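Observations on the three-dimensional arrangement
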Amino acid sequence: MGLYEFFYRYFVAPIKYNEGYNVVNTLVYALILGIAVILLYEMLKKMKVRVDERFFLALIPYIILGPLMRSATDLGALPRTYLTVSPGGYFVIASFAIASLFAVWRHIGPGDKLYSLYRDFGWVLVGGMLFVMIINWEKFSIRWDYFKYFIPALAVSEAFIWLLARKFELVRNNRVIFYTHFYDATTTFVGIQFFGFWEQHVLARWLIGSFGTPAAMYLEKLLIITPVVYILDRLMKGEDPDLINFVKLAIFILGFGPGTRNLLITLLSG
């Protein structure tokens, strides 16, 4: 197999024919993500931008923008291209977020005003995406019965995390991450179990096939998130806290983004 055939088979065809992820592109995308997190953190450090609550609040509109664009694409409000589906769509949103931050920083420098201006510009982008969805509203159909499955499943799953947080300090100190990823798992579980959707990611597909139920998503989240936060909190305890916070922020986004995309696609595709 030549280089072109290899690239087409494992990277182009999965996007072109909506085949989901495979082992090869999953590992490559994970490597790219890891490198990107390190480079972005170094950029923030040079810009003297602290990864704290102010930065998180300023980043919220950009975190929302990703699943909005992806769901608008899947539901037909935006053209389906390599730049509007994952992972290309998330690279585009990340580029918007980075470019916006750099532009604001060049304009006013580091300081409290940077966070508020950066946040407000992000909400303008979200408003633009919502406008695109509104003018294409005829392509959507709200599936109201979604909530009768989603709300009970979310309540049970989040109650489970609440119980774990009471017993285990590791979960308690990272409960936002666990809550967010169990929200993601719930949107996947409900979409597959009750509405005929399918899972795109390799490990999740294997677990669902092995256990015979999409409820295996919850197990996947525990198997992945628990050792990751253990490494961050215990084995990297002496490292730069801003670096730890930035990695945790990336983990949060990896749960919130796909979860919200799943929710919107299932809810609006009735």
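Located above this text is the structure these notes cover.
Summarised in this report is the structure supplied together with it. Every chain's residues receive numbers from 1 upward, in the order its sequence appears when written. Only residues with pLDDT of at least 70 are given local features in this predicted model, and only at 80 or more are side-chain atom pairs given and counted; all residues enter the totals for whole chains, interfaces and linings. To obtain the side-chain values, all non-hydrogen atoms of the structure were included, while hydrogens and water were left out.

Helix numbering and strand numbering both begin at the N terminus, where a helix is a DSSP run of H or I of at least 4 residues and a strand a DSSP run of E of at least 2. Here Ile 98 is to be found in helix 4 (residues 88-108). A 1.4 Å probe rolled over the protein chains alone gives each residue an accessible area, and that area as a share of the maximum for its type sets the label: buried under 20%, exposed over 50%, partly exposed in between. For Ile 98, a relative accessible area of 29% gives the class partly exposed. Expressed as a C-alpha distance, the spacing of Ile 98 and Tyr 62, which sit 36 residues apart in the sequence, is 9.8 Å. It only takes one pair of heavy atoms within 4.5 Å for two residues to be counted as in contact. Among all residues touching Ile 98, those that are not within four sequence positions of it are Leu 40 and Met 43.

Turning our eyes to something else, we now look at the nonpolar core. Residues grouped as a nonpolar core are buried Ala, Val, Leu, Ile, Met, Phe, Trp, Tyr and Cys residues, joined through side-chain atoms within 4.5 Å. Core analysis: the largest hydrophobic core is formed by 42 residues, its most contacted members being Met 129, Tyr 146, Leu 263 and Leu 268. Secondary structure elements with two or more residues in this core: helix 3 (53-74), helix 5 (112-135), helix 6 (146-167), helix 7 (169-173), helix 8 (175-195), helix 9 (202-211), helix 10 (216-235) and helix 11 (241-268). Among the elements that make up this core, the one with the highest residue count is helix 8 (nine residues). In contact with Leu 263, not counting residues within four places along its chain, are Tyr 146, Phe 150, Tyr 183 and Thr 187. Core analysis: the next-biggest nonpolar cluster, separate from the first, contains 22 residues, Ala 58, Leu 59, Tyr 118 and Phe 246 among them.

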